[in-house]
Amino acid sequence: MNKKYIRDLGTLIPSSMMLLISMLSFTNPFDKVFGFTEVDMKGLFILGLVLIFPILFAIEGIVSAIKNIVWLIPLSISLMVFFVIRLVALNDSANIYLMYYFIAYMLGYCISKLVLKLKNLYIQK
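Residues numbered from 1 in each chain as written. Predicted model: local features only at pLDDT ≥ 70, side-chain atom pairs only at ≥ 80, totals over all residues. Heavy atoms only, no water.

Draft legend 1. Highlighting the side chain of Ser-22. By secondary structure assignment, the location of Ser-22 is in helix α2 (residues 13-27). Ignoring any residue separated from it by four or fewer positions in sequence, one finds Ser-22 in contact with Phe-45, Phe-53 and Ile-85. (Helix = DSSP H or I, 4+ residues; strand = E, 2+ residues; numbered from the N terminus. Contact = heavy atoms within 4.5 Å.)

Draft legend 2. View of unusual backbone geometry. Despite not being glycine, Asn-68 shows a phi value in the positive range, around 55°. Position of Asn-68 relative to the elements: it lies in the loop between α3 (38-66) and α4 (72-89). You can call Asn-68 exposed: its relative accessible area is 55%. (Buried < 20%, exposed > 50% of the residue type's maximum accessible area, 1.4 Å probe, protein only.)

Draft legend 3. Up close: the packing of α2 against α4. The N-to-C vectors of α2 and α4 enclose an angle of 15°; their axes lie 9 Å apart at closest approach. Between α2 and α4, the crossing angle belongs to the class labelled roughly parallel. Crossing handedness for the pair α2 and α4: right-handed. Residue-level contacts link Ser-15, Met-18, Leu-19, Ser-22 and Phe-26 of α2 to Ile-77, Ser-78, Val-81, Phe-82, Ile-85 and Ala-89 of α4. Residue composition of the contact of α2 with α4, grouped by class: eight nonpolar, three polar and no charged. (Axes fitted to C-alpha atoms, helices over the stretch in contact; angles between N-to-C directions. Parallel < 35°, antiparallel > 145°, perpendicular 65-115°, else oblique. Left-handed = near helix turned anticlockwise from the far one by under 90°. Nonpolar A, V, L, I, M, F, W, Y, C, P; charged D, E, K, R; others polar.)

Draft legend 4. Quick peek at helix α5 (residues 96-124). The end-to-end C-alpha distance of α5 is 42 Å, a good match for the 42 Å that 29 residues give at a rise of 1.5 Å each. Of the surrounding secondary structure, the elements contacted by the buried residues of α5 are α3 and α4. (Expected span 1.5 Å × (residues − 1).)

Draft legend 5. Region of the structure containing the side chain of Ser-15. By the secondary structure assignment, Ser-15 is in helix α2. Sequence-distant contacts of Ser-15, defined by excluding residues within four places in its chain, comprise Ile-77, Ser-78 and Val-81.

Shown next as structure tokens:
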């Protein structure tokens, strides 16, 4: 397998984590083992929507900037995964999260690019 494709697979980790959190929160496989209730698992999903998913998008932006991956492809994949999650589990009011996640990704990407450029300027001096 080409090294470029292996390098790009690292940007799929946030998408797979979003799917994993969503599946865990809606199937509740831990009810008998750990005693989690449905409310606990829905709380995990809400925590994912508000905190974990934006952090995953920001991490994906940072990884894309560090590895010099075109920002549009990983962002599109992750937004499509969230769109599928939204279709299955949420209603249309969750569309605002698409913009929220886009901003988180772009902040991670732009700040990382800025840090890399400043680092290169500092090393050149």
